[in-house]
Amino acid sequence: MKKTALLTTMFAVCACANADVTRHPLPGGSTFPIAQAVEVTAGTTMVYHSGTLPGPANPDADPTSRSYYGDTETQAYSVFERMGASLENLGLGFEDVVKMTVFLVGDPQMPGGRMDFAGFMKSYSKYFGTADQPNKPARSAFQIAALARPGVFIEVEVILARP
């Protein structure tokens, strides 16, 4: 049992987009799709990508309505789709993300106006820690008071290591 856990940990630490990045898994065999830490070797080109907001889910809706941008899950999906296109234009991909910061606005439809972290995770988990894209970034997520656009619940910024 200990040998299996050690081999799994060693594989997870070594699994990376390139030899210049080491991703350390969460302790205790956690399957939560983030890294405990990510090391990037000196000499690796770092790319700091500005925050990405969602596009309209329903551009025909009233821009002040909830249906214009959608709920947090819908917005997170839009953010990752838009970010994916931007990364591709830079010659990068989600596998190159080493650090992510997520800003979530409280959703008035959630109890206590809290952020919809579960909705965010439903979309996030389609892009990180999957069989197709197993690389997990170090990540922080915060509830904030507001973003620049009314009705937007999420903004995501990332730091990438260029292969």
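Calculation notes
Residues numbered from 1 in each chain as written. Predicted model: local features only at pLDDT ≥ 70, side-chain atom pairs only at ≥ 80, totals over all residues. Heavy atoms only, no water. Helix = DSSP H or I, 4+ residues; strand = E, 2+ residues; numbered from the N terminus. Expected span 1.5 Å × (residues − 1). Buried < 20%, exposed > 50% of the residue type's maximum accessible area, 1.4 Å probe, protein only. Contact = heavy atoms within 4.5 Å. pLDDT = per-residue confidence, 0-100. Axes fitted to C-alpha atoms, helices over the stretch in contact; angles between N-to-C directions. Left-handed = near helix turned anticlockwise from the far one by under 90°. Nonpolar A, V, L, I, M, F, W, Y, C, P; charged D, E, K, R; others polar.

Draft legend 1. Spotlight on helix α3 (residues 72-89). Along its 18 residues, α3 runs 26 Å from first to last C-alpha, staying within 8% of the 26 Å computed at 1.5 Å per residue. Those residues of α3 lying buried are T72, Q75, A76, S78, V79, F80, M83 and L87. Those residues of α3 that are buried lie in contact with β3 (46-52), α2 (66-69), β4 (97-105), α4 (117-124) and β6 (154-161). After α3 finishes, the residue G91 shows a positive phi value of roughly 75 degrees.

Draft legend 2. Main features of the confidence of the model for the chain. Mean pLDDT for the chain: 90, with 88% of residues reaching 70 or above. Long-range and interchain partners of residues 1-19, a stretch whose pLDDT sits below 50, account for 19 contacts in this model, where long-range means more than four residues apart.

Draft legend 3. Spotlight on the packing of α3 against α4. Taken N-terminus to C-terminus, the directions of α3 and α4 make an angle of 35 degrees; their axes are 7 Å apart at the nearest point. For the element pair α3 and α4, the recorded crossing hand is right-handed. Residues T72, E73, A76, Y77 and F80 of α3 touch α4, and the partners they reach there are G119, F120, K122, S123 and Y124. Residue classes in the contact of α3 with α4 are distributed as five nonpolar, three polar and two charged.

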